[in-house]
Amino acid sequence: MIDRKHHLRLLLVALLTLLALTACGGDEEEPTPTPTKTSVPAQVESAPAPTDTPVPATAAQPVAQPAAPAVVAQPIFAVVDATELNVRSGPGTSFDIVRAATEGQRFELVAVSDDGTWAQLSENGATIGWTALKFLTIEGDPAALKGGAPAASQPGTGNPPAAAAPAAPASGPFADASMSSPDFGAQAFLWWREEIARRDLELMNEAGFRWVKQAFAWETIEGAGKGQYDWSLADRVVQQANASGLKLLARVSSDPDKTNFWAGQPPGNASHFADFLFALADRYNCAPNAEGCIQAYQVWNEPNLAREWGGNRPNPAEYVRFLGQAYAAIKRANANALVINAGMAPTGDDSPIAMPDDKFYDQMYQAMGGNSNGYFDALGVHGAGFAAPPELDPATAAADKRYGGYRFFAFRHVEDIRNIMVRYGDTNKKVVILEFGWTYDSVNPAYKWHGADAGIDMFVQADYLKRAYQYAAANWQPWIGLMSLLTMPNLDWMNDGNPNDEEQYWWAIMEPSNIDEKKWRPAIIELCIYFNGVTGQKCKYDPN
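Residues numbered from 1 in each chain as written. Predicted model: local features only at pLDDT ≥ 70, side-chain atom pairs only at ≥ 80, totals over all residues. Heavy atoms only, no water.

A. Broad picture of the overall build of the protein. Regarding its fold elements, the protein presents 12 helices and 15 strands. Of all 544 residues assigned to the protein, the portion counted as buried reaches 59%. Long-range pairs, those at least 24 residues apart, make up 75% of the contacts in the protein with a sequence separation of at least 6. Only carbon and sulfur atoms are counted for the fraction: they give 51% of the accessible area of the protein, which is about 20300 Å². (Helix = DSSP H or I, 4+ residues; strand = E, 2+ residues; numbered from the N terminus. Buried < 20%, exposed > 50% of the residue type's maximum accessible area, 1.4 Å probe, protein only. Contact = heavy atoms within 4.5 Å. Areas by Shrake-Rupley, 256 points an atom, 1.4 Å probe, with all protein chains shown as cover.)

B. Quick look at helix α4 (residues 232-244). A rise of 1.5 Å per residue sets the reference length of α4, with its 13 residues, at 18 Å; its end C-alpha atoms lie 19 Å apart and thus fit the reference within 8%. Of the positions making up α4, those classed as buried are Ala-234, Asp-235, Arg-236, Val-237, Val-238, Gln-240, Ala-241, Asn-242 and Ser-244. Turning to α4, the residues buried within the fold contact α2 (194-207), β9 (211-217), α3 (218-221), β10 (247-253) and α5 (270-283). Just beyond α4, the residue with positive phi is Gly-245, at close to 90°. (Expected span 1.5 Å × (residues − 1).)

C. Seen up close, the nonpolar core. Grouped together as the largest cluster of nonpolar side chains are 102 residues, with contacts concentrated most on Phe-209, Phe-216, Leu-280, Tyr-319, Met-364 and Phe-436. Among residues more than four places away in sequence, those in contact with Tyr-319 are Val-299, Trp-300, Pro-303, Trp-309, Asn-341, Ala-342, Met-344, Phe-360 and Met-364. Formed by 15 residues, the second largest nonpolar core is a distinct cluster that contains Ala-78, Ala-101, Leu-121 and Leu-136. (Core = buried A, V, L, I, M, F, W, Y, C linked by side-chain atoms within 4.5 Å.)

D. The arrangement of the packing of helix α11 (residues 458-475) against helix α12 (residues 522-534) in detail. For the pair α11 and α12, interaxial distance at closest approach is 8 Å and the crossing angle is 30°. In terms of orientation, α11 and α12 fall into the roughly parallel class. As α11 runs across α12, the sense of the crossing is right-handed. For the pair formed by α11 and α12, the contact residues are Met-458, Phe-459, Gln-461, Ala-462, Leu-465, Lys-466, Tyr-469, Gln-470 and Ala-473 on the first element and Pro-522, Ala-523, Glu-526, Leu-527, Tyr-530 and Phe-531 on the second. Grouping the constituent residues of the contact of α11 with α12 by class yields 11 nonpolar, two polar and two charged. (Axes fitted to C-alpha atoms, helices over the stretch in contact; angles between N-to-C directions. Parallel < 35°, antiparallel > 145°, perpendicular 65-115°, else oblique. Left-handed = near helix turned anticlockwise from the far one by under 90°. Nonpolar A, V, L, I, M, F, W, Y, C, P; charged D, E, K, R; others polar.)

E. A look at the sheet that holds strand β13 (residues 379-382). Read from one edge of the open sheet, eight strands run β12-β11-β10-β9-β8-β15-β14-β13, paired in parallel fashion. Where the open sheet ends on each side, the last strands, each with one partner, are β12 (338-341) and β13. Neighbour-to-neighbour, the strand axes of the sheet open up by a mean angle of 25°, direction not taken into account. Two elements, strand β14 (residues 431-436) and strand β15 (residues 480-485), share three bridges in a ladder whose sense is parallel. Considered in β15, the bridge of Phe-436 is made with Leu-485. Contacts between helix α6 (residues 316-333) and the sheet are confined to β11 (296-299) and β12, with β11 contributing the most and set at about 160° to the helix. (Pairing = 2+ DSSP bridges.)

F. View of the pattern of salt bridges. As enumerated under the stated definition, the model contains 23 salt bridges in all. Between Asp-200 and Arg-199 there is a salt bridge, and its shortest N-O distance comes to 2.8 Å. For Arg-199, a relative accessible area of 2% puts it in the buried group. Linked through salt bridges whose partners overlap, the residues forming this network are Asp-257, Arg-307 and Glu-308. (Salt bridge = Lys/Arg side-chain N within 4 Å of Asp/Glu carboxyl O.)

G. Up close: the confidence of the model for the protein. Across the protein, pLDDT averages 84, with 80% of residues at or above 70. Low pLDDT (under 50) marks residues 16-73, which in the prediction has 212 contacts with non-local residues, meaning those over four places away or in another chain. (pLDDT = per-residue confidence, 0-100.)

H. Main features of the packing of aromatic side chains. Overall, the coordinates contain 43 aromatic pairs when judged by the stated rule. Between Tyr-406 and Phe-409, the ring centres sit 6.3 Å apart and the planes meet at 45°, which makes this aromatic pair tilted. In textbook terms, an aromatic cluster arises when at least three aromatic residues are bridged by ring pairs, as seen for Phe-184, Phe-209, Phe-411, Phe-436, Trp-438, Tyr-464, Tyr-469, Tyr-471, Trp-476, Trp-479, Tyr-530 and Phe-531. The ring of Tyr-406 carries Lys-401 above its face, with NZ or CZ at 5.8 Å from the centroid. Across from the ring centre of Tyr-505, 4.5 Å away, lies the NZ or CZ of Arg-521, which sits over that ring. (Phe/Tyr/Trp six-rings, centres within 6.5 Å; stacked < 30°, edge-to-face > 60°. Lys NZ or Arg CZ within 6 Å of the ring centre and 35° of its normal.)

I. Representation of the state of the cysteines. Tallied over the full model, the rule gives two disulfides. The disulfide partner of Cys-286 is Cys-293, and the gap between their sulfur atoms is 2.1 Å. One quick way to see it: the torsion about the S-S bond of Cys-286 and Cys-293 is about 75°, and its sign makes the bridge right-handed. When its relative accessible area of 0% is taken as the criterion, Cys-293 is described as buried. One disulfide in the model links Cys-528 with Cys-539; its S-S distance is 2.0 Å. Judged by the sign of its S-S torsion, about 105°, the bond between Cys-528 and Cys-539 is right-handed. In this pair, Cys-528 sits in helix α12 while Cys-539 sits in the segment after α12, placing the two residues 11 residues apart along the sequence. (Disulfide = S-S within 2.5 Å.)

J. Representation of the side chain of Arg-407 within the structure. Looking at the secondary structure, you find Arg-407 in the loop between α8 (394-399) and α9 (413-423). Overall, the relative accessible area of 5% leaves Arg-407 in the buried class. A polar atom in the side chain of Arg-407 sits 2.8 Å from the side chain of Asp-416. (Polar contact = N/O pair within 3.5 Å; in protein donor to acceptor, adjacent residues only side chain to side chain.)

Below you can see the structure in the form of structure tokens.
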């Protein structure tokens, strides 16, 4: 570790000589997890073995496909008529599953197999694969598309399909909602400062991030009353994110401290919230003529805490009803959007003000009848590492008081939540880590015990973040999706001249920086080197 720190210190000193970029920022605050030192129920200790079942919203793998079909004058569309439908690399059940489609999703139909039983689908101009025609509702006459590939061209039959030409770029202006395993993202603060927002998005793109998470506070858009929308800031944020090349995950909720908001608090505001989500998803529905594209939605935040649930005792069944209304509203506006449930606060407190995250997820599945279809497309979790290195077994965190004494004090507590999904047979869906990270706080008592007091400084933080992505890549494929870390910086932390008393400051991967400067921390450089290295690229900010 001493050698690693020495390397990072040299790297940081060298990088401080680089010139500033231009444009980025924001102002919506994201909560960070607060430790709760009460008991937590024991969970299964090991991560589930990867399955070969389809996973929604995963990127199609480069597999051999039948030759591209002839272009037709009028597009024909197909709507998925099954709860969940496998999409395969070729026209038959022996071909690999490349992704899954869910009920109501609409694709362009580009070819039909010779026997008329398989359909080749396209999304945003790019071919995604083949699926059984009988589970589709066809808008148009598919007869002219027959002959795209013979159904007999199955793997292992001695007649493999011809290799397809490289996929054409998407005809629309927006990226789809697919996720690699794992995928790279971070929270940013894009709302209030246009020039800082542009700069930070450019930095994230250059560093190799592929997703940006931004809070969309309900009251900042529909604050004046029902149906009275102010889209000015939201339009700019969405369009900047789209222009940056990053995919956008919107955390949609309201400030629990705003008690005079016209819509009220959850769960009583569920219908109003669903109406707002429809308006939001409809405006940014990723169609070519849309105002912009939000690829994924997080529905609320930490409802296992009373302060986030209208001051009421956390109630998983109530949240499931709330989530179901939200899901339906988003899908009605954009069937291809990815819907993710709220991440839960990692806590062992089971009282009128909180519920342990594992208990909450389990009771969610009970309320859904063991079937998450119609509620979320990927399961959202929070995964703070606290005082533990990312590889630490949760059983060790529970047994060793240095780490907090409970399983949820380990980053790998994510595996405990995944095991709940497995227990209910929900193995086809990904886990999305909506926030995770390590703080090196030396000031705030609620955080410094697992920050500076635990030996974590900015160099250890950088190393742990990189190792978390490496651990996920080695052990959590294919079920891990986006891992969105805490956090890009917020210039507002400097408003009082001293950011140290702002706990989020210590989680950030960069120093808050004015538009004419860039103040590096080791984390963003280490991640830039790692992310770019995954794709065979070099980090432009690596002085080596």
